[in-house]
Amino acid sequence: MHDKTVTELAAALEQGEVSSVELTQHFLKRIKEQDSRYNSFITVNDEQALFDAQAADARRARGDATPWTGIPFAHKDIFCTAGVRTTCGSRMLSNFVPPYDATVAARFKEAGAVCLGKTNMDEFAMGSSNENSYFGKVTNPWGEGLVPGGSSGGSAAAVAARLTPAATATDTGGSIRQPASLCGITGLKPTYGRVSRYGMVAFASSLDQGGTMARTAEDSALMLNVMAGFDAKDSTSIDRPVPDYTATLNDSLEGMRIGLPREYFSDQLDPVVAQAIRDAIAEFEKMGAKVQEIDLPHSHLAVPAYYVIAPAECSSNLSRFDGVRYGYRCDAPKDLEDLYMRSRAEGFGDEVKRRILVGTYALSAGFFDAYYLKAQKVRRLIQQDFINAFKDVDVIMGPTTLAPAFRHGEKTDDPVTMYLEDIFTISTNLAGLPGMSIPAALINGLPIGLQLTGNYFDEARLLNAAHRFQQATDWHLKTPAGLA
Amino acid sequence: MQWEVVIGLEVHVQLATQSKIFSGASAAFGADPNTQASAIDLAMPGMLPVLNGEAVRMAVCFGLAVNAEIAHRSVFDRKNYFYPDLPKGYQISQMYAPIVGTGLVEIPLENGETKQVRIHHAHLEEDAGKSLHEDFHGMTGIDLNRAGTPLLEIVSDPDMRSAAEAVAYLRKIHSIVTYLGISDGDMSQGSMRCDCNVSVRPVGQTEFGTRAEIKNVNSFRFVEKAINAEVQRQIELIEDGGRVIQETRLYDPDANETRAMRTKEYANDYRYFPDPDLLPVVIDDSYIQRLRDTLPELPDEKRHRFTENYSLSDYDAAVLSQTRALADYFEQVVETSGDAKLSANWVMVELSRLLNQNDTPIERCPIAAESLGQLIQRIRDNTISGKIAKQILEPLWNGEGTPDQIIEKQGLKQVTDSGAIEQIVDEVLANSQEQVDNYRAAPEDRRPKMLGFFVGQVMKASKGKANPAQVNDILKQKLEG
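Residues numbered from 1 in each chain as written. Chains lettered and ligands numbered in written order. Predicted model: local features only at pLDDT ≥ 70, side-chain atom pairs only at ≥ 80, totals over all residues. Heavy atoms only, no water.

On a plain count of helices and strands, chain B comes out with 15 helices and 15 strands. Compactness check: chain B gives a C-alpha radius of gyration of 30 Å against a globular reference of 23 Å for 481 residues, more than 25% above the reference. With the C-alpha coordinates aligned to their principal axes, the bounding extent of chain B is approximately 95 × 55 × 55 Å. Per-residue burial for chain B yields a buried fraction of 50% across its 481 residues. For chain B, restricting intrachain contacts to residue pairs at least 6 apart in sequence, the fraction spanning at least 24 positions comes to 68%. As presented, chain B carries roughly 23000 Å² of accessible surface, and 47% of it is formed by carbon and sulfur atoms. The average position of the 50 basic charges and that of the 71 acidic charges among the side chains of chain B differ by 2 Å. (Helix = DSSP H or I, 4+ residues; strand = E, 2+ residues; numbered from the N terminus. Rg over C-alpha atoms; globule rule 2.2 N^0.38 Å. Buried < 20%, exposed > 50% of the residue type's maximum accessible area, 1.4 Å probe, protein only. Contact = heavy atoms within 4.5 Å. Areas by Shrake-Rupley, 256 points an atom, 1.4 Å probe, with all protein chains shown as cover. Lys, Arg positive; Asp, Glu negative; His and termini not counted. Charge placed at Lys NZ, Arg CZ, Asp CG, Glu CD.)

Here is the structure:
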């Protein structure tokens, strides 16, 4: 049952082969028995999940089920869920129970999906290895001692380990695509503004975007059908019709123009990875797509620009965590300053503090122009690179990551090396474009992803390309050895 | 040494929107603490601001009223600092691209001339909550009802040269915002607050002296006193060989002096940057034109019209046009009474006295303008005398009925029946033989003055109801005939 995709489970529910309660029990049991190996969940929602599953079965019996009614799934613990603790991977919110649902959570609820629980993540979505969680590191199901990537490492590991058929995630600089690559699953970061950020704990507001983690492109399309759409509660959400993303999955790729950025296939890329990615792209050519090389000349500036803009926004976004109204408060503060200093010193982890410091510095008088404004200019150049490129191509492809999963502790002492994990993914966020990672190869037995970047609001085309690829190949069906 | 005072004001006007600037919570004043604070106002995780279009409309209306440039594209920025009543750890404001650009207002000077004061810009921002330092046993209470209330901060150029000018400017701003109906302008409830930038320089010097900023002054009177106290301080300081330092100060009304704020009470690096949660506010010409078409008559226009149409003096027109409520009241009185000058006198003298005595603003005046108009009407048609009318004002205030009802009930109708008046005159003359004799013996030129005694007696005997003109005539007739 747990090997089935969302699409298959929806069919099984529809056929009456299984009930939502049975499905939910099955996944809850798997989480209970196996998640100690992965630590992919922070909160498991047993009671509520079973209650929701019963309601879903009743709804289906009444005949007004949606494709999601009764399907178990999980939320990254960054989405606020009414009445269910939402920690964002931080001690700061370790006791926080929101009285409201994020729009994404509300939409899944409306569709009748059953939330199994909240998945682990790097604290406040800052990290690329899921080693920055107050609730402990997450282990990649592909190997003991391997990181799942981050920040949505819990969602990725849970999907890869078949503890949930699908999970929500967020991507600020690669937090969906990089862990999807490392865990051998399918991840989609939509266009900025496509999915509401309301109720999604903010890291860097101009970059954050909610998205999907599932095993297939088809499931991703089903997820996006629920998540996408205008939300008046998010001023940056965009009012634009939402297509049925499943409707165009099987469209022909004949004549589709694929661009390969020269900058992504430089000498620095491991030739083995480069070849694996080229092999994957060759599959698209077999289906009639045309490949050409393109230039994204400002690519090398993406990481530096990102590590000014994202920390700048985070330094301000995280100011609300001050120990005054909710969340962690230090014990017996002497005075206001002590309350602020100790609540924040004790409530935040090192990476979060590092980024708050960097961001505060970048916004300070005397540095603002040189850092923040400069980075914004670079951001526009990067965006313009993509706008130019999409005049000639429909989809840009390349590796999602430089290499497959690395080991726990391997990069924790060197933040800059860790930041380079997102070297291929970050520019997509800076430009606000949609991007996907799909399993494309195994390297030394570990999965690695192919990244697809589309034009604004061209998620349907990405899903179409990814789905056709998955129809033609079986990389997305590979499972970690030893998976129970 | 002769000193010149240089003043610029930053006026914070609370906009009279129903809900807050970035959330749907009510912006009404006076509710129980924290009952009007939504998850957005509390800065709960994941909450996002959504701009209230009414606040934009009001800001643009203000801009149009002061002939300012309206920015077609303005941007909200974050002003970052930590304070317990600032839930997000930043205030959403407009630093780099405010919605209202440079404008101009005219203020009346004491010598009867007017002066132009330039508006540097005006921007939208949200208010913070309130810290309550009493009643919590060594702790501080936080009330977030006010957090997120829309403010328009109006920043003047340093164009004022005395505390009186600063007050005149502040009154003008007050007058404009209340005319526009974009604020109740109630300074006692904090709807208008003022930061005063004050410096002095030797007369003739072109460059400005170092300024001090007096924060959060909340009444016209205190603005005047605070500026005068600060000017005094700066002059004494410099004359004693000291130097003014640029700093933030607070006015203490009890001691009538300004004091430096502790440096911790204000941060010096707010790390402004554009708020990525909000889109730029884009306004097109048709929107601006639509609002321009809805603008009410503004104070200056109204004052002009009052002098022209009602032949009021400049002074009377200025007083009566100062607030829209007073002007509207006055015009309503004129409409009912049919006499502008008499109406102006009654509103400015008799009614004002009652309002002051009862500490009641014109908005809450219990005497309807129509009632006052009717009262004046009754003076004009000789139903009552002006003196009787003054007696009726009090019962009117107390809600004892319309002027006609009170006149009827209390039998105050003027006696105009000459037979009845004659009878009273005869009685008075009969009882005042000595005065009658004196009158008749007196030379012509002294008689008018002596007539007053008899008029008084007759009015007294008639309980003030006899028509004074008739009394005069009949008395003269009887005494001289």
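Now that the structure has been shown, the text picks up again.
A few words on the interface of chain A and chain B. On the side of chain B, 31 residues touch chain A, which itself brings 39 residues to the contact. In this assembly, chain A packs against chain B so that about 2800 Å² is buried in total across both faces, 60% of it on carbon and sulfur atoms. The three residues of chain A that bury the most area against chain B are Ser 235, Arg 320 and Arg 325 of chain A, which together make up 21% of that side's buried surface. Among the salt bridges present, the one from Arg 197 of chain A reaches Asp 277 of chain B, with a minimum N-O distance of 3.0 Å. Scanning the region where chain A abuts chain B turns up 17 residue pairs in polar contact (both at pLDDT 80 or more). Residue composition of the side of chain A that touches chain B, by class: 20 nonpolar, 10 polar and nine charged. (Buried area = accessible area lost by both parts, 1.4 Å probe. Salt bridge = Lys/Arg side-chain N within 4 Å of Asp/Glu carboxyl O. Polar contact = N/O pair within 3.5 Å; in protein donor to acceptor, adjacent residues only side chain to side chain. Nonpolar A, V, L, I, M, F, W, Y, C, P; charged D, E, K, R; others polar.)

This brings us to a nonpolar patch on the surface. A surface patch of nonpolar side chains, about 270 Å² in accessible area, is lined by Tyr 361, Phe 367 and Tyr 371 of chain A. Relative to the assigned elements, Tyr 361 of chain A resides in helix α11 (residues 350–363). (Patch = residues over 30% accessible without salt bridge, like charges linked within 9 Å, V, L, I, M, F, W, Y side chains within 5 Å.)

All right, on to the packing of helix α9 (residues 302–317) of chain A against α11 of chain A then. All names here are of chain A. One way to put it is that α9 packs onto α11 with a least axis distance of 7 Å and a crossing angle of 100°. On the basis of their axis angle, the class for α9 and α11 is roughly perpendicular. Listed contacts from α11 to Tyr 307, Val 308, Pro 311, Ala 312, Cys 314 and Ser 315 of α9 are Arg 355, Ile 356, Val 358, Gly 359, Thr 360, Ala 362 and Leu 363. Here the residues of the contact of α9 with α11 sort into nine nonpolar, three polar and one charged. (Axes fitted to C-alpha atoms, helices over the stretch in contact; angles between N-to-C directions. Parallel < 35°, antiparallel > 145°, perpendicular 65-115°, else oblique.)

Turning our eyes to something else, we now look at the pattern of salt bridges. Pairs can form between side chains of opposite charge whenever their charged atoms are close. Residues and elements named next belong to chain A. Under the criterion given, the structure shown has 57 salt bridges over all chains. With its nearest N and O atoms 2.6 Å apart, the salt bridge here joins Arg 60 to Glu 14. Of this pair, Arg 60 sits in helix α3 (residues 46–62) while Glu 14 sits in helix α1 (residues 6–15), and the two are 46 residues apart along the sequence. A relative accessible area of 56% places Glu 14 in the exposed class.

What follows is about the domain arrangement of chain B. You can read the domains of chain B as domain 1 (3–289), domain 2 (297–409) and domain 3 (418–480). When each unit is reduced to the centre of its C-alpha atoms, the spacing between domain 1 of chain B and domain 3 of chain B is 65 Å. (Domains from an automatic or database assignment.)

Residues and elements named next belong to chain A. An ideal rise of 1.5 Å per residue puts 24 Å on 17 residues; α3 measures up with 24 Å between its terminal C-alpha atoms. When α3 is considered as a whole, its buried residues turn out to be Ala 49, Ala 53, Ala 56, Arg 59 and Arg 60. Seen end-on, α3 carries its buried residues on one side only, within an arc spanning 125°. Across from the buried face of α3, at angles greater than 90 degrees, the exposed residues are Glu 47, Phe 51, Ala 61 and Arg 62. Gly 63 occupies a position one or two residues after α3 and carries a positive phi of about 90°. (Expected span 1.5 Å × (residues − 1). Arc of directions from axis to C-beta.)

Residues and elements named next belong to chain B. Taken in spatial order, the three strands make up an open sheet running β4-β3-β14, and their pairing is antiparallel. Edge positions in the sheet fall to β4 (90–93) and β14 (273–274), since each of these pairs with one other strand and no more. For strand β3 (residues 77–80) and β14, the ladder comprises two bridges, and the chain directions are antiparallel. Bridge pairing links Arg 78 to Phe 273 in β14. (Pairing = 2+ DSSP bridges.)

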